[in-house]
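Listed here are the chains, written in short residue letters.
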Amino acid sequence: MEPLRTFDVNETTTTSKKDKNTNGRNPMKPTGAFIGASWAALLVGVVGYCVGLWNATMQLNEKGYYFTILLFGLFAVISVQKSVRDKAEGLPVTDLYYGLSWFATVACLVLLVIGLWNADLLLSEKGFYGMSFTLSVFSAIAVQKNTRDAQLIAAKDI
């Protein structure tokens, strides 16, 4: 994570980025458009994935497997984002938790790939599940980052 202060070559002291912004908006705070886009992407990914499962002709235990992989993946990537961010901010994170977070993220991706590889689905259906899963986990990371940034800025008024 980059420092919150910048150095201007024309000055001998450091100034905060907030002081440089003329419109009064903190440039470190996520914009409403980005926050909305992140939440929209998360909703589209999760709802699309679940609608696909609902309409699939697979057995209920297969649907449960793929739904569990989605929930596991969302939790895993949020956990990785949190632990990486905590480490970057100097907050204590045990190596065990950090390692388990990464292991869970990789495990859910591997389980999804193995499940789709062996599934009796059309290639387009496999691609749909892969892409909606990817959209969901990426947007979950963005939503978590936006939430964390907004809370940090509100708490420290940076």
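Nothing here was measured: the structure is a model prediction, and the numbers come from that model. (Residues numbered from 1 in each chain as written. Predicted model: local features only at pLDDT ≥ 70, side-chain atom pairs only at ≥ 80, totals over all residues. Heavy atoms only, no water.)

## Comments concerning the overall build of the protein chain
Helix and strand counts for the protein chain stand at five helices and two strands. For the protein chain, the α and β elements follow one another from N to C terminus as β-β-α-α-α-α-α. For the protein chain, the proportion of its 158 residues judged to be buried stands at 35%. Contacts spanning at least 24 positions in sequence make up 64% of the contacts within the protein chain whose residues lie at least 6 apart. (Helix = DSSP H or I, 4+ residues; strand = E, 2+ residues; numbered from the N terminus. Buried < 20%, exposed > 50% of the residue type's maximum accessible area, 1.4 Å probe, protein only. Contact = heavy atoms within 4.5 Å.)

## Re the environment of F138
Looking at the element boundaries, F138 is found in helix α5 (residues 123-156). Along the sequence, F138 and I78 sit 60 residues apart, while their C-alpha atoms lie 9.5 Å from each other.

## Topic: the packing of aromatic side chains
Across all of its chains, the model carries five aromatic pairs by this definition. With centroids separated by 6.4 Å and ring planes inclined at 50°, the aromatic side chains of Y49 and F133 adopt a geometry described as tilted. Taken as a pair, Y49 in helix α2 (residues 32-55) and F133 in helix α5 lie far apart in primary sequence, 84 residues in all. Exposure class is identical for Y49 and F133. Each is buried. Seen in terms of ring centroids, Y66 and Y129 are 6.0 Å apart; in terms of plane orientation they differ by 10°. Their pairing is stacked. A residue pair is termed long-range when its members are at least 10 positions apart, and Y66 in helix α3 (residues 60-88) and Y129 in helix α5 qualify at 63 residues. Each member of the pair, Y66 as well as Y129, carries the same accessibility label: buried. (Phe/Tyr/Trp six-rings, centres within 6.5 Å; stacked < 30°, edge-to-face > 60°.)

## A look at the confidence of the model for the protein chain
Put simply, the protein chain has an average pLDDT of 86, and 83% of its residues get 70 or more. Of all the helices and strands in the protein chain, strand β1 (residues 5-7) carries the lowest mean pLDDT, 44, while helix α4 (residues 95-118) carries the highest, 96. Contacts of residues 1-15 to residues separated by more than four positions or lying in other chains number 22 contacts, the stretch itself having pLDDT below 50. (pLDDT = per-residue confidence, 0-100.)

## Focus: the side chain of S83
Mapped onto the elements of the fold, S83 is located in helix α3. There is a polar contact of 3.1 Å between the side chain of S83 and the backbone oxygen of V80. (Polar contact = N/O pair within 3.5 Å; in protein donor to acceptor, adjacent residues only side chain to side chain.)

## Some points on the nonpolar core
Y49, M58, Y66, L112, Y129 and F133 are the most contacted members of the largest nonpolar core, which has 20 residues in total. Put simply, the parts of the chain that give this core at least two residues each are α2, α3, α4 and α5. Setting aside anything within four residues of it in sequence, one finds L112 in contact with Y49, Y65, Y66, I69 and F133. (Core = buried A, V, L, I, M, F, W, Y, C linked by side-chain atoms within 4.5 Å.)

## Structural notes on the side chain of Q144
Tracing the backbone shows Q144 in helix α5. Beyond its immediate chain neighbours, meaning those up to four positions away, Q144 contacts I78, Q81 and K82.

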